[in-house]
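Observations on the model geometry
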Amino acid sequence: RVGVAFSRLQTMYFRKHFGQQLGKQMVTYGPCQIPTLWFCVHRHVEIEAFVPEPYWRLVATLPAGDVSFQALGQMGNIWDER
């Protein structure tokens, strides 16, 4: 299995390079951990690459007697300038 072999490889590597900090602990990467790690890394890359776009929101303040209230457009955010 990839998880067992990769766990052994990582444990040996980290013990060689960080033996004093790691001690006898194992570094595990199981069959479920590798896909989960991929999802986390993929999402992190998406977040880092995010570029915010300006948008407009239609809000109207309407008087009703001696009080006023705000009405919001049902479309939500408006992305096009049209």
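Residues numbered from 1 in each chain as written. Predicted model: local features only at pLDDT ≥ 70, side-chain atom pairs only at ≥ 80, totals over all residues. Heavy atoms only, no water.

Observations concerning the side chain of T11
Condition: Per the convention used, a helix needs a DSSP run of H or I reaching at least four residues, while a strand needs a run of E reaching at least two, with both numbered from the N terminus. Type-normalised accessible area, obtained with a 1.4 Å probe on protein chains alone, sets the label of each residue: buried when under 20%, exposed when over 50%, and partly exposed for intermediate values.
Within the secondary structure, T11 sits in helix α1 (residues 2-22). Among the residues examined, T11 registers a relative accessible area of 5% and is labelled buried.

Digging into the pattern of salt bridges
To keep it simple, the criterion reads: Counted as salt bridges are all cases of a side-chain nitrogen of Lys or Arg within 4 Å of a carboxyl oxygen of Asp or Glu.
The full count for this structure, using the stated rule, is 1 salt bridge. The closest approach of N and O atoms between E46 and R43, which form a salt bridge, is 3.3 Å. Of this pair, E46 and R43 both sit in helix α2 (residues 33-49), 3 residues apart, which is roughly one turn of that helix. Residue classification places E46 among the partly exposed positions, given a relative accessible area of 40%. Judged by relative accessible area, R43 falls into the partly exposed class, the value being 48%.

Overview of the environment of F6
If you trace the backbone, F6 turns up in helix α1. For the pair F6 and I34, spaced 28 residues apart in sequence, the C-alpha to C-alpha distance is 9.6 Å.

All quantities given are derived from atomic positions and should not be read as evidence of function.
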